[in-house]
Amino acid sequence: MKHRPALTALGVLAVLAIFPLVISSDYYRHIVIIALMWVVIGSSWNLLAGYTGQISFGHAIFFGVGAYSAGICTTKLGISAWWGMLLGGPLAMLSGLLLGWICFRLRGSYFNLATLAIGEVFRQVAIFWRDLTDGMQGILIITTFRSKVIYYFLALGLAALCVFTISRIMKSKWGFYFIAIREDQDAAEAMGISSFRYKSLSLAVSSFFTGLAGAFYMNYMGFIDPEVVFSLYFISIMAILVAIIGGAGTIWGPAVGAFIMVLLHELFRSSFFGYAPKWVSSTHALAFGLLVILAIRFMANGVVGDLPRIFNLWTRKEPIPPVEEGSGL
């Protein structure tokens, strides 16, 4: 029984590895590539917010820094954008440590708003520092590979590395300290746990993998601009939705949420593959909002977090009677 999660993970990894070899359509490969990229971003956000309790609205900072690291390698340094896969993660991590040094002095809503404000600062810098970022013109590069299979396996490897690393961290002392800080920061500090140190470590790992995802996005898509990679809605809010829908505070929740959100977005973008009126494609934000409301109302712990309860609802033959007042339960 204790080996079942590992066997399940290997089974899922095997299915994903076979997928591009069986499915020859680049369209479906592209959808899974984007979903795998969001597995990395959602899992990274979940480490900081779901496990350490620091809800960030600024993860677009790290994604954008990683993406521009790869783009600037080509436009300013004259080297391959793939070097951004080596530079993007560390530079994003440095940005994360800077963000933590500023924002970890705050708590609650003040921390949330501070990450939101700093994310907007980074977006404005990318817009107006034209000598470095080319401003709103964006950065365009020629992609290295024509086949999506190579990008697919790169995305799969990055997602697997991210999920595995976070799962190992959460089984270590770091993971216990992260959860202790999430549950009660004052009590954790009273027990000798440095909240600033371990929140910074959580943010460092989270920003590192998000930066890698940004560098991969630059190499895969071949074009970025500040309104995309530093976007509050398309990156920061989407990372939150991925974790909430899948199950924040769980290892597999962000992975499940990533596939749900990407597939749902694609369904609306394509007007349900042409079977629905075209105006449906403009209602995806409304659908996402309704999905979050339903998730909070009926699955507060996300799909993965509430999976046992969902199974119980389907397998239960008789309804459980309500607890009577004064019964002592």
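Quick notes on the rules
- Residues numbered from 1 in each chain as written.
- Predicted model: local features only at pLDDT ≥ 70, side-chain atom pairs only at ≥ 80, totals over all residues.
- Heavy atoms only, no water.
- Helix = DSSP H or I, 4+ residues; strand = E, 2+ residues; numbered from the N terminus.
- Buried < 20%, exposed > 50% of the residue type's maximum accessible area, 1.4 Å probe, protein only.
- Contact = heavy atoms within 4.5 Å.
- Areas by Shrake-Rupley, 256 points an atom, 1.4 Å probe, with all protein chains shown as cover.
- Lys, Arg positive; Asp, Glu negative; His and termini not counted.
- Charge placed at Lys NZ, Arg CZ, Asp CG, Glu CD.
- Polar contact = N/O pair within 3.5 Å; in protein donor to acceptor, adjacent residues only side chain to side chain.
- Expected span 1.5 Å × (residues − 1).
- Phe/Tyr/Trp six-rings, centres within 6.5 Å; stacked < 30°, edge-to-face > 60°.
- Lys NZ or Arg CZ within 6 Å of the ring centre and 35° of its normal.
- Salt bridge = Lys/Arg side-chain N within 4 Å of Asp/Glu carboxyl O.
- Patch = residues over 30% accessible without salt bridge, like charges linked within 9 Å, V, L, I, M, F, W, Y side chains within 5 Å.
- pLDDT = per-residue confidence, 0-100.

J.: Is there a simple way to think about the overall build of the protein in this case?
T.: Across its full length, the protein holds 16 helices and two strands. Among the 329 residues that make up the protein, the fraction classed as buried is 45%. Of all intrachain contacts in the protein linking residues separated by at least 6 positions in sequence, the fraction that spans at least 24 positions is 74%. Element-wise, carbon and sulfur atoms account for 69% of the exposed surface of the protein, whose accessible area totals about 17,400 Å². Here the protein holds 22 positive side-chain charges and 15 negative ones, and the gap between their average locations is 9 Å.

J.: Honestly, the side chain of Ser 195 in this entry has me stumped. Any pointers?
T.: With respect to the element layout, Ser 195 can be found in helix 10 (residues 195-221). A relative accessible area of 6% means that Ser 195 is categorised as buried. At a separation of 3.5 Å, a polar atom in the side chain of Ser 195 contacts the side chain of Gln 185. Filtering out sequence-adjacent residues up to four positions away, Ser 195 remains in contact with Ile 181, Gln 185 and Glu 189.

J.: Sorry if this is basic, but what is going on with helix 5 (residues 108-128) here?
T.: If you check helix 5, its first and last C-alpha atoms are 31 Å apart, about what 21 residues at 1.5 Å a residue would give, namely 30 Å. Turning to helix 5, its buried residues are Phe 111, Asn 112, Ala 114, Thr 115, Ile 118, Gly 119, Arg 123, Ala 126 and Ile 127. Where the residues of helix 5 are buried, they touch helix 3 (59-75), helix 4 (84-103), helix 6 (130-133) and helix 11 (226-229).

J.: Teacher, can you tell me more about helix 10 here?
T.: The end-to-end C-alpha distance of helix 10, which contains 27 residues, comes to 38 Å, matching closely the 39 Å that a straight helix rising 1.5 Å per residue would cover. For helix 10, the tally of buried residues reaches 22 of 27 residues, placing the bulk of the element in the interior. At the C-terminal side of helix 10, Gly 222 shows a positive phi close to 80°.

J.: Would you mind going over the packing of aromatic side chains with me for this structure?
T.: For any pair of aromatic rings, geometry is given as the distance between the ring centres together with the angle between the planes. Overall, the coordinates contain 17 aromatic pairs when judged by the stated rule. Each ring, one from Phe 19 and one from Tyr 152, has its centre 6.1 Å from the other, and the planes form 20°; the classification is stacked. Taken as a pair, Phe 19 in helix 1 (residues 4-22) and Tyr 152 in helix 7 (residues 148-170) lie far apart in primary sequence, 133 residues in all. Given a relative accessible area of 24%, Phe 19 falls into the partly exposed group. Look at Tyr 152 and you get buried, because its relative accessible area is 0%. Here Phe 63 and Tyr 217 contribute two aromatic rings whose centre-to-centre distance is 5.5 Å and whose plane-to-plane angle is 55°, an arrangement assigned as tilted. Remark: Tyr 217 occurs in helix 10 and Phe 63 occurs in helix 3; sequence separation between them is 154 residues. What makes Phe 63 buried here is its relative accessible area of 1%. Counting every residue linked through ring pairs, the aromatic cluster contains Trp 82, Phe 145, Tyr 151, Phe 216 and Tyr 220. Here the guanidinium or amino end of Arg 105 rests over the ring plane of Trp 101, the centre of that ring lying 4.8 Å away.

J.: Is there a simple way to explain the pattern of salt bridges in this structure?
T.: Pairing between side chains of opposite charge can happen when the charged atoms of each approach one another. Inspection of every chain in the model, using the stated rule, returns six salt bridges. The salt bridge partner of Asp 186 is Arg 107, with a shortest N-O separation of 3.1 Å. Taken together, the positions of Asp 186 in helix 9 (residues 185-190) and Arg 107 in the loop between helix 4 and helix 5 put the pair 79 residues apart, joining distant regions of the chain. For Asp 186, a relative accessible area of 48% translates into the label partly exposed. For Arg 107, a relative accessible area of 43% puts it in the partly exposed group. Measuring nitrogen to oxygen at the nearest pair gives 2.6 Å for the salt bridge that ties Arg 123 to Glu 120. Taken together, the residues Arg 123 and Glu 120, both in helix 5 and three residues apart, mark about one turn of the helix.

J.: Would you mind going over a nonpolar patch on the surface with me for this structure?
T.: Judged by side-chain polarity, Leu 77, Ile 79, Trp 83, Leu 86, Leu 87, Leu 91, Leu 94 and Leu 97 come together as a nonpolar surface patch covering roughly 760 Å² of accessible area. Relative to the assigned elements, Leu 97 resides in helix 4.

J.: So what exactly am I meant to see when it comes to the confidence of the model for the protein here?
T.: Regions with low pLDDT carry predicted coordinates that are not meant to be interpreted in detail. Predicted confidence across the protein gives a mean pLDDT of 88, with 92% of residues reaching 70 or more. When pLDDT is averaged over each element of the protein, helix 10 comes out on top at 96 and helix 16 (residues 307-315) at the bottom at 67. Taken together, the stretch residues 322-329 has pLDDT below 50 and engages in one contact with residues farther than four places along the chain or on a different chain.

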